[in-house]
Amino acid sequence: MRRISPILIAVLATLACAAHPQGPAPHSSTPASIPGVVRAETFAKGLEHPWGLEMLPDGRMIVTERPGRLRLVSRDGQLSAPLTGVPRVFAEGQGGLLDVALDPAFAQNQVIYLSYAEPGDNGTAGTAVARARLGDSGLDSVRVIYRQQPKVSGGNHFGSRIVFRGDGTMFVTQGERFNYRDQAQNLQSLLGKVVRINPDGTIPKDNPFVGRSDARPEIWSYGHRNMQGAAIEPATGRFWTIEHGARGGDELNHPEAGKNYGWPVITYGIDYNGRPIGIGAVKEGMEQPVFYWDPVIAPSGMTFYTGDAFPAWKGNMFVGSMNPGALVRLVIKNGAVTLEERYLGELRERIRDVKQGPDGFLYLLTDNSNGRILRVVPK
């Protein structure tokens, strides 16, 4: 019998572990923020809790404010008056107007998508997505294409980011609404799920649970807590999300079709009262995060960098931290985090969203009552 080399055995073992990770997952070393690498300039100001940012093809920006306003931002940073036609939002707690995304054919059709907390009956609310055509002063042809079910009470954990896949379908990330954590494991509920829909709100026929009577066909993946960052990796087409843990346990994942990401059965965090959550950090049949943070970074907003202003950072992931507040850079190789660095911690700002501009600079939203758009340039 041919003898198998120890090197080959080690390689095969590594591949097996990568395919079926059993934990513990890699975690952050909590690096200190590095001063003097980049500088943040105020590009626009006077925004109330800005939440989502998108770049328009003509050089302008569009930005959401959580209380329910949508504004255009000129090339020199001037804010428009609030646009008309925005759907009514549930502006309580973490709820309100959330993400904004452009249709892949925006240059031709001027269509945008908004995610928001939609009010329901008897004080309830749920994450929703509306489609509309963008005009110079407002929205028209507004139509709700997705509603999270069930709507429940409370003002926490709505998610939500909108990301387009290369095939034209749309991922929508959602929270489990905090007091309803067990519904993240319930396939007949849309709480704590990534859903995948078509731009008109219909359901792709190749979604993982299509045809099952015990599951909602919109669901792509489940067992999530509160995902406030999502992006497609340009080099691979892989879909990435980042979600809040409780005390500890913020997670970076790349959700795959039909898989269970564990919340609240497994987590690397503990409850706010100090008690354990679930059964621990590992369970057969539940996915491990690619990377986690303890202590947390309170992540929101993420993007992959493709520009020329920071050539050494091409292909890197950038994430906004709201606590302690920073711009977090992650180097991703072969689906794993190989380096984490943090910048702009000296600002002590809650970084809510991160986007790359056409000039190659990074643009950040600061989430407070006098929020700003910051432009990040080399020091």
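## What about the overall build of the protein?
Right, so step 1: Scanning the protein from N- to C-terminus turns up two helices and 23 strands.
Right, so step 2: Its C-alpha radius of gyration of 20 Å places the protein within 12% of the 21 Å reference for a compact globule of 379 residues.
Right, so step 3: In terms of overall dimensions, the protein has a C-alpha envelope of 75 × 55 × 45 Å along the principal axes.
Right, so step 4: Counting only residues that meet the buried cut, the protein has 53% of its 379 residues in that class.
Right, so step 5: Once local pairs closer than 6 in sequence are excluded, the contacts in the protein between residues at least 24 apart make up 58%.
Right, so step 6: Of the roughly 16000 Å² of accessible surface on the protein, a fraction of 50% belongs to carbon and sulfur atoms.
Right, so step 7: Separation of charge centres in the protein, based on 41 positive and 37 negative side chains, amounts to 2 Å.

## Details of the packing of aromatic side chains
Right, so step 1: With the rule as written, the count across this model stands at 14 aromatic pairs.
Right, so step 2: For the ring pair Trp313 and Phe318, a centre distance of 5.3 Å and an interplane angle of 50° mean the geometry is tilted.
Right, so step 3: Given a relative accessible area of 0%, Phe318 falls into the buried group.
Right, so step 4: Members of the aromatic cluster, connected to one another through ring pairs, are Tyr305, Phe310, Trp313, Phe318 and Tyr343.

## Some thoughts on the pattern of salt bridges
Right, so step 1: Counting across every chain of the model gives 26 salt bridges.
Right, so step 2: For the salt bridge of Arg165 with Asp167, the shortest nitrogen-to-oxygen distance reads 3.2 Å.
Right, so step 3: Judged by its relative accessible area of 44%, Asp167 falls in the partly exposed class.
Right, so step 4: Taken together, the shared-partner salt bridges in this structure form one network comprising Glu48, Glu65, Arg69 and Arg71.

## Details of the sheet that holds strand E22 (residues 362-366)
Right, so step 1: Read across the sheet, four strands follow the order E1-E23-E22-E21 without closing on themselves; strand pairing throughout is antiparallel. With one partner strand each, in any of the chains shown, strand E1 (38-47) and strand E21 (351-356) form the two edges of the open sheet. Between one strand axis and the next, the sheet turns through 25° on average, direction left out of account.
Right, so step 2: Across eight bridges, the pairing between E1 and strand E23 (residues 371-378) is antiparallel. Within E23, the residue paired with Arg39 across the bridge is Val377.

## Some words on the pairing of E22
Right, so step 1: Burial within E22 is extensive, with five of its five residues counted as buried.
Right, so step 2: A two-sided burial pattern is seen for E22, the buried positions comprising Leu362, Leu364 and Thr366 on one face and Tyr363 and Leu365 on the other.
Right, so step 3: Pairing of E21 with E22, which is carried by five bridges, proceeds in the antiparallel orientation. In the strand pairing of E22, Ile351 is matched with Thr366.
Right, so step 4: Of the strand pairs in this sheet, E22 and E23 are connected by four bridges, and their pairing is antiparallel. Paired with Leu365 across the strands is Ile373, a residue of E23.
Right, so step 5: Once E22 ends, the chain turns through four residues before running back antiparallel as E23.

## Describing the confidence of the model for the protein
Right, so step 1: Mean pLDDT for the protein: 94, with 94% of residues reaching 70 or above.
Right, so step 2: The low-confidence segment residues 1-20, where pLDDT is below 50, has one contact with residues more than four positions distant or belonging to other chains.

## Describing the pairing of strand E15 (residues 250-253)
Right, so step 1: Across the two faces of E15 the burial is the same, with Asp250 and Leu252 and Glu251 and Asn253 all buried.
Right, so step 2: Here strand E14 (residues 239-243) pairs with E15 via three bridges, running antiparallel. The residue bridging Glu243 from the neighbouring strand is Glu251, located in E15.
Right, so step 3: Counted along the chain from E14 to the antiparallel partner E15, the turn is six residues long, and its residue Gly248 has a positive phi close to 90°.
Right, so step 4: Bridge count between E15 and strand E16 (residues 291-293): three bridges; the pairing is antiparallel. Opposite Leu252, over in E16, you have Phe291 as the bridge partner.

## Quick notes on the side chain of Asp367
Right, so step 1: For Asp367, the location among the structural elements is in the loop between E22 and E23.
Right, so step 2: Exposure remark for Asp367: the relative accessible area of 3% places this residue in the buried category.
Right, so step 3: At 2.8 Å, the side chain of Asp367 forms a polar contact with the side chain of Arg352.
Right, so step 4: Excluding residues within four positions of it along the chain, Asp367 makes contact with His49, Pro50, Arg66, Met322, Arg350 and Arg352.

## Considering the environment of Ser33
Right, so step 1: Position of Ser33 among the secondary structure elements: in the loop between helix H1 (6-19) and E1.
Right, so step 2: Sequence separation of Ser33 and Leu72 is 39 residues, and the distance between their C-alpha atoms is 32 Å.
Right, so step 3: At 3.4 Å, the side chain of Ser33 and the backbone nitrogen of Leu344 are in polar contact.
Right, so step 4: Within polar-contact distance, the side chain of Ser33 engages the backbone nitrogen of Gly345 at 2.9 Å.

## Describing the sheet that holds strand E8 (residues 139-147)
Right, so step 1: What the four strands build is an open sheet, ordered E5-E6-E7-E8; its pairing is antiparallel. Strands with a single pairing partner mark the edges of an open sheet, and in this sheet they are strand E5 (97-102) and E8. The average undirected angle you get between the axes of adjacent strands in this sheet is 25°.
Right, so step 2: In the sheet, E5 pairs with strand E6 (residues 111-119) via four bridges, with the strands oriented antiparallel. Note that in E6 the partner of Val100 across the bridge is Leu114.

About the criteria used
- Residues numbered from 1 in each chain as written.
- Predicted model: local features only at pLDDT ≥ 70, side-chain atom pairs only at ≥ 80, totals over all residues.
- Heavy atoms only, no water.
- Helix = DSSP H or I, 4+ residues; strand = E, 2+ residues; numbered from the N terminus.
- Rg over C-alpha atoms; globule rule 2.2 N^0.38 Å.
- Buried < 20%, exposed > 50% of the residue type's maximum accessible area, 1.4 Å probe, protein only.
- Contact = heavy atoms within 4.5 Å.
- Areas by Shrake-Rupley, 256 points an atom, 1.4 Å probe, with all protein chains shown as cover.
- Lys, Arg positive; Asp, Glu negative; His and termini not counted.
- Charge placed at Lys NZ, Arg CZ, Asp CG, Glu CD.
- Phe/Tyr/Trp six-rings, centres within 6.5 Å; stacked < 30°, edge-to-face > 60°.
- Salt bridge = Lys/Arg side-chain N within 4 Å of Asp/Glu carboxyl O.
- Pairing = 2+ DSSP bridges.
- Axes fitted to C-alpha atoms, helices over the stretch in contact; angles between N-to-C directions.
- pLDDT = per-residue confidence, 0-100.
- Polar contact = N/O pair within 3.5 Å; in protein donor to acceptor, adjacent residues only side chain to side chain.

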